[in-house]
Amino acid sequence: MKRNQSSIIITAAAVLVVLGSCKKTLDLSPTNDITAPAVYSTPAGYTEAMAKVYGAFALTGNTGGTGQPDISTQIISDEGNSDFLRMWFNLQELTTDEAAWTWENDAGIQGLHEMSWSSINPIIDGLYYRSFFQITLCNDFVRQSTDALLASRGITGASADTIRHYRAEARFLRAFQYWVLMDLYANPPFVDENSPIATAIPKQIQRADLYNYIVSELKAIDGDLAPARQNLYGRADQGAEWALLARVYLNAQVYTGTADYTDAITYCNKVIAAGYSLIPSYPDLVLADDNLNTDEFIFTINYDGTYTQTYGGTTYLVHGPAGIPGSVSGSNGTWGGLRCTQDFVSLFPDNSGATDQRAQFYTNGQTLDMKDLYTGTDGFSTFKYRNVTRTGGPAPDADAAGNFSDIDFPLFRLGEIYLIYAESVLRGGSGGDAGTALNYINLLRTRAWGGNTAGNITAADLTTNFILDERGRELYYEAFRRTDLVRYGEFTTSAYLWAWKGGVLGGSAVADKYNLFPLPSTDLSANPNLIQNPGY
Amino acid sequence: MPVILLLLLFLHGSLAAQKRAITGRVTDSKDGSPLQGVTVQAKGAVSGGVITGVDGRFKIAVDQPVKVLVFSSVGYGIQEVPVGDGPIQVVLTGSAAGLNEIVVIGYGTAKKTDLTGAIATVSEKDFQKGTITTPEQMIAGKIPGVSIISNSGQPGAGSTIRIRGGASLNASNDPLIVLDGVPLSNDAIPGSGSPLSFINADDVESFTVLKDASAAAIYGTRASNGVIIITTKKGHAGSLKVNLNSVNSVGSITGKVSVLSAAQFRSVVNANGTAAQIAQMGAASTDWQDQIYQAAIGTNNTISLSGGIKALPYRLSFGYQDQNGVLKTDNLRKTTLSFTLNPSFFDNHLKVDLNLRGSTETARFGNQSAIGGAVSFDPTQPVYTKSPRFGGYYEWLDPTSATGLQNLAGRNPLGLLNETYNRGTPERSIGNLQLDYKFHFLPDLHAKVNAGYDINKGAGYTFVPDSAASSYIAGGTGGENNPYKQTTTNTLFEAYLNYTRDLKQIKSHLDVVGGYSYNDYLSKVYNYASFYANDSMVVNSQPAFPFDKPEHRLLSYFGRLNYTFEDRYLLTATVRRDGSSRFAPGHQWGWFPSVALAWKINEERFLRDVPSISDLKLRLGFGITGQQDGIPNYGYLADYSLSNSSASYEFGSNYYQGYRPAGYNPALTWEQTATSNIGLDYGFLDNRITGSIDLYEKKTSHLLNTIPQPAGSNFSAFFIANVGNMTNKGVEFNINAQPIRSRNLTWDVGFNITYNENKITNLTVIPGDTSYIGFPSGNIAGGIGGQFAFMNSVGRPKNTFFLYQQVYDKSGKPIEGVFVDQNKDGIINQSDQVWSKSADPKVFLGFSTNVTFKKWSAGFVLRGSFGNYDYNNIWSQTGNLTQILGNSVLYNASTNYLTTGFKGGNGQQLLSDYYISNASFLRMDNINVGYNAGKIMRGQAVLRLNLSVQNVFVITKYQGLDPEIAAAAPPPTPGGSVSLGNPGIDNNLYPRPRTIALGINIGF
């Protein structure tokens, strides 16, 4: 008995000591997620990282549709509204004569068309944070793809060359996003691959300095990008870089106070010399199989009903327009939201599409006049974006439920380059001529008239005001309008009034401050280096 | 493995010793009735007692030298009785507050009179009665400072428990729950409404709530929101006792959301609609809410067996509950099995406590989108059509669409219910083995080991037939058939030493505890592709990974010193060192100290002889607790996650999944709360009046707060960082009195009231940064993209409404879209929103009373909440003409439209303060009548009957369905994700039923 007890004591004490000392580690790691060195250890890993850098344009998160959002729900609680294109479109188009959205209760909508927004607006904040999300992804890729790191990871030869192209493309995408920020917010914070993550507060950059950065960055990557029209579909090449430079130079007066139309023409010429051409039919422009339009498209955001699913992007542009039945739009129906003002429709002498085929208006059940800003049947809508093929068939990768779009969105296409060229010539840039300009414009108009020259114009017709209207007709719903109206001084002033501008039916001028969007108040509180845009 | 070793050791043990038998009877001093269930033990024994039978009689075998027996019973305290030769008669006096009760505290027990912290206990006799699907509902309204609000009326739905207001903003505000020594994870179990629903309420003996830091700090980083210790019933040596408990109930809704009747609806459409819209109306008059609700039948039965085989006390209980919801198709079936063994070995030197419980649930979750659907579906349409399509339910049709259905139209609410099969079949087992070894050579020293596990499997599926309108696809390939599954294995190991010693020379008593704790929380979450009803896979829906295994771990060392001088000056000091895997190395470990002093004033000479004062104790406590729950497991780590195939990107003609870096915060650490507490416990007139008053202040710093990051500085714009401060200050008061105490009649009254004031004191990295308005929360339905009702700002309580100030006309009617232009700039925009009331109550109270007259008893529980405001989202979303006519199909509206006549379509109107109103309320939680039939079947059994009504009535000025909106609404969705709602935003709450329950209890 005694022996028994002491053995128990000893055993129990030993057990306690053993268990007490089994101090397991607190350093756990996730099961499926991996760290940066693991991602960037193989060429395939670089490609997957690059897929996210590009995918940040098209997608809202890591799951098709909704589920794992990129942008915090505190910024935008509805993930479907948090992609780049939908927010950019809303800021560039809903603020203009081209578009209004029916559902005023949708966050951030109220005040956009009326031009009375503030620094607490989920769409204004959302695009800002989306742009920075892509910029930080680009920075990360650039940081991880130096020649030294590639060499240290044993990546050489063709794989290394591909990654060098990726690297230049990441820098291009970053420059593009900085252009968006410069155009809409003027003076954003600035970070590049040298900025540390999580340990430093970014400094603010002034608009003119950002302009210089964008221009020099684009020129710096020229040699590292694939030659124009030589890269894989969906990836940026020199053509995209030149097209962005042309666009930036066109607006130089707005960004820096000094115009630079000559450089705009220079880069238009480079694009045009690369051999792009207009596709024959304007109504084929943005359809489910528009990946065939590589003659005209310079750079696209790619969507897919099966593999790249989003409720923003072209899905929004297919479902958004009011009144259009699913049988027309190639989807499961309309969300009843987007309509055009009568002022925009009147840019077309004939809104039936019988002459100028670009007038793709849906009029059944819709009234021309937008008597009420928030009534879904007030104002024509447009079926420019249709999720069907050229032959009218279903989208090749359509999802069964009819939710998602297959249409790729052209961020740059030849049509715009022609218009930049003509406008720059008219505004006094050198390196081009009026005859070529007229020819380019008539190429667009001949296509618009279905190959017929009846719509062609004469040299006398070609004025800067004509260009603005023509840009409206050619590029509407492609997220250009606000930038154009700002450049023409018509965005906030009484020079051009459209329905519900300034919140009144007949339109009214608003304060100049609305030429810029405010920096989000959330970032002002998080970043003490920032100074708000004037007036906000 | 070591557990098995120790188990093997018992087998060598000796159970034999020299014994003698003592018999006797225990009665109640109140009325002389026999007391059943009183524990009888030899003095000094740690275990091995017996309990009295239905007739109050007992028989115990004790060692020869034993001279004193100890009698104890919940609610009656402890009494020591010397034993002679013959049978003994013992009379126990019930104490209203049970001051002699033994209270379970963290890592030990204490006499209630010796407590130094703010600790409250509720035991079985004070539980709320009726239909209980989750055990915490039994103590709602019973403890000052503790607010328990059921999340919805769904059977098995959990509750939002807040102790002293909750310490956190973005991390968890849920208290730590410890079940028989096993700290439970608050994580949802997929397919189950609540993690606590697995515990059979009939197995619970008591709840102990550790409210202040001096009591809770022994639980370190998990204790900021308080600790609830649940103790279950145990076996006692003696003959077999059988108890049968059966509660059968029927519940029904107490009201409906007020919407237009078919006739009212018709006249509105006829007066305002287009010809096409008038033609859209049907000929029926359907009350859709009547269609979706039902009388909810429920039955809950438990049989328990307890007793002792020689010195092996055991308790075994088996429970079966089948509870329908008031929402049609909603049903919860639950089977629970609980087994405890509490033997002692080696002359009580080794005490063993084995708890094993298992339960399975089979739930069908009613499709709760039917609740909102029934509010807004066109009342002129019939429920059914003759067409077999869409299950025979009426639906809005559109011949031009591919599916034949109107896109974006609401679906038939009854169809949504009957054609959605959302089943959860979760299983859970929790168990632990506790060893308490008293050293042979040093009996003052105990070594304790506690090894536990919590294994559960959450699983289920959602099936929607392909005919259902909700997910119809042309060609008959719609519907869905989606499984979900998650397994969890949580393990616990604790070892500690306890040394107690009376130091008579210096009139002191010492009680020291020191130990180690290891907790591991490991889950395996399975990911599945999506499937149509016909089991074909939705193209490209395969997940990126087949499963994920989230895990986190806590390591702790803790110590406590209790020192008593002259039995009236008490000191408690605790310290805990906690390490959490949720933080980066270097930030993982923290110290959590506390100290408390108590002074039993009534033991002082100047009061000892004042007979009317039976208890008076002053308590002072201070401590620091931490919080690391409710945040991501790996938030400090820079990691990349691969996108699903459906979120790929196309290069050329190939699609690539993308690696996304997550935002991360390498400096992340726990938040901490410093709590000061001053309390006074009192008892007068032989403890017929008892109670306490506590003043507390909780200061939370390093708030785990989801704050905006400077754009560009990280991969995410918002993530959790330790920024911000918040305070909760309050007063708690409770009083329990027994105004009448006589042989035939007793009357008990209990009242508690809490005042809590919450204030955010900082939210920004740079304290006092006025440019930061705060962070919005409180999603309002009715707009896409999120509009928020609250703005959480410095200087104000959390959940403060931030809305436009409505302008009214002379008759007091709100003018649509007209608000006060606060900054007088001529534009109404966000800068004109103003802070107003908070959704959180300032005061809440509970009032319980019970009268016993001979064999009858009756009582009720009232619960109230004051100063809380609700936003009526049903009014704001549906109370306008646009709701009825502004869509492709007709929708019904709230009758609030008849009051306001709002046209609708004004986005700002949704943010009007017109929709908030005072939601203070007084709720009769429970009325019950009991009859103790006493002995039946010739004294073989005791029968008790109980009739109760739950949720009897609510007195409130609030005009919505129910003023009480918990923080977590709607209830958990199958699949495990709890979609956190907001307190105070009233939108399609699952109605809480009024339930009438008849309980029968038979004891043998």
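Residues numbered from 1 in each chain as written. Chains lettered and ligands numbered in written order. Predicted model: local features only at pLDDT ≥ 70, side-chain atom pairs only at ≥ 80, totals over all residues. Heavy atoms only, no water.

1. Section: the overall build of chain B
In terms of regular secondary structure, chain B is built from 11 helices and 56 strands. In terms of C-alpha radius of gyration, chain B reaches 30 Å, essentially the compact-globule figure of 30 Å for 1004 residues. Projected onto its principal axes, the C-alpha positions of chain B cover 100 × 65 × 65 Å. Looking at chain B as a whole, 59% of its 1004 residues qualify as buried. Sequence-distant contacts in chain B: of pairs separated by 6 or more residues, those separated by 24 or more amount to 69%. For chain B, the exposed surface amounts to about 37,200 Å²; the carbon and sulfur share of it is 58%. For chain B, the centre of its 81 positive side-chain charges and the centre of its 73 negative side-chain charges are spaced 6 Å apart. (Helix = DSSP H or I, 4+ residues; strand = E, 2+ residues; numbered from the N terminus. Rg over C-alpha atoms; globule rule 2.2 N^0.38 Å. Buried < 20%, exposed > 50% of the residue type's maximum accessible area, 1.4 Å probe, protein only. Contact = heavy atoms within 4.5 Å. Areas by Shrake-Rupley, 256 points an atom, 1.4 Å probe, with all protein chains shown as cover. Lys, Arg positive; Asp, Glu negative; His and termini not counted. Charge placed at Lys NZ, Arg CZ, Asp CG, Glu CD.)

2. Describing a nonpolar patch on the surface
Residues and elements named next belong to chain B. Where nonpolar side chains cluster on the molecular surface, the patch consists of Leu 244, Ile 303, Leu 316, Phe 318, Tyr 320, Leu 337, Met 937 and Phe 1004 and spans about 650 Å² of accessible area. Per element, the largest residue contribution to the nonpolar patch is three residues, and it comes from strand S19 (residues 312–324). Given a relative accessible area of 31%, Ile 303 falls into the partly exposed group. (Patch = residues over 30% accessible without salt bridge, like charges linked within 9 Å, V, L, I, M, F, W, Y side chains within 5 Å. Salt bridge = Lys/Arg side-chain N within 4 Å of Asp/Glu carboxyl O.)

3. With respect to the packing of helix H3 (residues 43–58) of chain A against helix H5 (residues 122–144) of chain A
Residues and elements named next belong to chain A. Following both chains from N to C, one finds H3 and H5 inclined at 160°, their axes separated by 9 Å at the closest point. When the axis of H3 is compared with that of H5, the two are roughly antiparallel. As for the relative orientation of H3 and H5, their crossing is left-handed in sense. Along its contact with H3, which presents Tyr 46, Ala 49, Met 50, Lys 52, Val 53, Tyr 54, Ala 56 and Phe 57, the element H5 presents Arg 130, Phe 133, Gln 134, Leu 137, Cys 138, Phe 141 and Gln 144. Residues that form the contact of H3 with H5 fall into these classes: 11 nonpolar, two polar and two charged. (Axes fitted to C-alpha atoms, helices over the stretch in contact; angles between N-to-C directions. Parallel < 35°, antiparallel > 145°, perpendicular 65-115°, else oblique. Left-handed = near helix turned anticlockwise from the far one by under 90°. Nonpolar A, V, L, I, M, F, W, Y, C, P; charged D, E, K, R; others polar.)

4. With respect to the pattern of salt bridges
Enumeration according to the criterion identifies 64 salt bridges over all chains in this entry. Across the salt bridge formed by A:Asp70 and B:Arg660, the nearest N and O atoms sit 2.6 Å from each other. With A:Asp70 in the loop between H3 and helix H4 (84–93) and B:Arg660 in strand S36 (residues 659–661), this pair bridges two chains. Per residue, the accessibility class of A:Asp70 equals that of B:Arg660, and both read buried. The shortest N-O distance in the salt bridge between B:Arg582 and B:Asp629 comes to 3.1 Å. Here B:Arg582, found in the loop between strand S30 (569–580) and strand S31 (589–600), pairs with B:Asp629, found in the loop between strand S32 (613–627) and strand S33 (640–642); they are 47 residues apart in sequence, far enough to count as distant. Assigned by exposure class, B:Arg582 and B:Asp629 land together as buried. Here the salt bridges share partners, and the residues they tie into one network are A:Glu296, A:Asp356, A:Arg358, A:Lys384, A:Arg413, A:Arg445, A:Arg447, A:Glu470, A:Arg473, A:Glu474 and A:Glu478.

5. Brief notes about the interface of chain B and chain A
Between chain B and chain A, the contact holds 101 residues from the first and 107 residues from the second. Carbon and sulfur atoms supply 61% of the area that chain B and chain A bury against each other, a total of about 8,800 Å² over both sides. Considering only the surface of chain B that becomes buried against chain A, B:Tyr640, B:Tyr649 and B:Arg660 emerge as the three largest contributors, covering 9% of it. Where chain B touches chain A, the interface holds one salt bridge. Applying the counting criterion to the chain B and chain A interface returns 27 residue pairs in polar contact (both at pLDDT 80 or more). Counted by class, the side of chain B that touches chain A contains 52 nonpolar, 40 polar and nine charged residues. (Buried area = accessible area lost by both parts, 1.4 Å probe. Polar contact = N/O pair within 3.5 Å; in protein donor to acceptor, adjacent residues only side chain to side chain.)

6. Regarding the environment of B:Asn982
Residues and elements named next belong to chain B. Within the secondary structure layout, Asn 982 lies in the loop between strand S54 (941–956) and strand S55 (985–986). For Asn 982, a relative accessible area of 18% translates into the label buried. Separated by 143 residues in sequence, Asn 982 and Ala 839 have C-alpha atoms that sit 9.0 Å apart.

7. What to know about the sheet that holds strand S4 (residues 57–63) of chain B
Residue and element names in this part refer to chain B. Reading across the sheet, the three strands line up as S4-S1-S7 and stay open at both edges, with mixed pairing between neighbours. Lying at the two open borders of the sheet, with one neighbouring strand each, are S4 and strand S7 (88–92). When strand polarity is set aside, the average angle formed by the axes of neighbouring strands in this sheet is 35°. In the sheet, strand S1 (residues 19–28) pairs with S7 via five bridges, with the strands oriented parallel. Across the sheet, residue Val 26 finds its bridge partner in S7, namely Val 90. (Pairing = 2+ DSSP bridges.)

8. Quick look at the packing of helix H7 (residues 157–185) of chain A against helix H8 (residues 207–220) of chain A
Residues and elements named next belong to chain A. Contact pair H7 / H8: the axes reach a minimum separation of 10 Å and the direction vectors enclose 155°. On the basis of the axis angle, H7 is roughly antiparallel to H8. By crossing handedness, the relation of H7 to H8 is classed as left-handed. From H7, Arg 171, Phe 172, Arg 174, Ala 175, Tyr 178, Trp 179, Met 182 and Asp 183 reach across to H8, where they touch Arg 207, Leu 210, Tyr 211, Tyr 213, Ile 214, Glu 217, Leu 218 and Ala 220.

9. Observations regarding the packing of aromatic side chains
Residue and element names in this part refer to chain A. Throughout the structure, instances matching the rule amount to 85 aromatic pairs over all chains. For the ring pair Phe 89 and Tyr 316, a centre distance of 5.8 Å and an interplane angle of 85° mean the geometry is edge-to-face. A residue pair is termed long-range when its members are at least 10 positions apart, and Phe 89 in helix H4 and Tyr 316 in helix H12 (residues 313–319) qualify at 227 residues. Taking the relative accessible area as the measure of exposure, Phe 89 reaches 0% and is therefore buried. Tyr 316 sits in the buried class, given a relative accessible area of 1%. When the centroid spacing of 6.4 Å and the interplanar angle of 45° are considered together, the rings of Phe 361 and Phe 380 count as tilted. Of this pair, Phe 361 sits in strand S6 (residues 361–362) while Phe 380 sits in the loop between S6 and strand S7 (381–382), and the two are 19 residues apart along the sequence. For the pair Phe 361 and Phe 380, one class covers both residues: buried. Across from the ring centre of Phe 466, 5.4 Å away, lies the NZ or CZ of Arg 473, which sits over that ring. (Phe/Tyr/Trp six-rings, centres within 6.5 Å; stacked < 30°, edge-to-face > 60°. Lys NZ or Arg CZ within 6 Å of the ring centre and 35° of its normal.)

10. Thoughts on the side chain of B:Ser197
Residue and element names in this part refer to chain B. In this fold, Ser 197 is placed in the loop between strand S14 (182–183) and strand S15 (204–210). Ser 197 gets classed as buried once you look at its relative accessible area, which sits at 1%. One polar contact links Ser 197 to Ser 192, side chain to side chain, over a distance of 3.4 Å. Among the polar contacts listed, one links the side chain of Ser 197 to the backbone oxygen of Ser 194, at a separation of 2.9 Å. Sequence-distant contacts of Ser 197, defined by excluding residues within four places in its chain, comprise Thr 133, Thr 134, Gly 156, Ser 192, Lys 334 and Glu 361.

11. A word on the pairing of strand S17 (residues 241–252) of chain B
Pairing of S17(B) with strand S18 (residues 296–309) of chain B, which is carried by 11 bridges, proceeds in the antiparallel orientation. Paired with B:Asn248 across the bridge in S18(B) is B:Thr299.

12. Observations regarding the side chain of B:Asn792
All names here are of chain B. Position of Asn 792 relative to the elements: it lies in strand S44 (residues 787–792). Polar contacts involving the side chain of Asn 792 include one to the side chain of Ser 777, which spans 3.0 Å. In this structure Asn 792 touches Ile 760, Leu 763, Ile 773, Gly 774, Phe 775, Pro 776, Ser 777, Lys 798 and Asn 799, once residues within four positions along its chain are discounted.

13. Details of the sheet that holds strand S10 (residues 119–123) of chain B
Within the open sheet, the five strands sit side by side as S10-S15-S16-S13-S14 (chain B). Their pairing is mixed. Only two strands of the sheet have a single partner each, and these edge strands are S10 and S14 of chain B.

14. Brief notes about the confidence of the model for chain B
Any segment with low pLDDT has predicted coordinates that should not be analysed in fine detail. All names here are of chain B. Mean pLDDT for chain B: 87, with 94% of residues reaching 70 or above. Every residue in residues 1–17 scores below 50 in pLDDT, and together they form 23 contacts with partners more than four places removed in sequence or on other chains. Contacts from residues 969–980, a stretch scored under 50 in pLDDT, to residues over four places away or in other chains number 26 contacts. For this predicted complex, the interface score ipTM comes out at 0.93, alongside a pTM of 0.82. (pLDDT = per-residue confidence, 0-100.)

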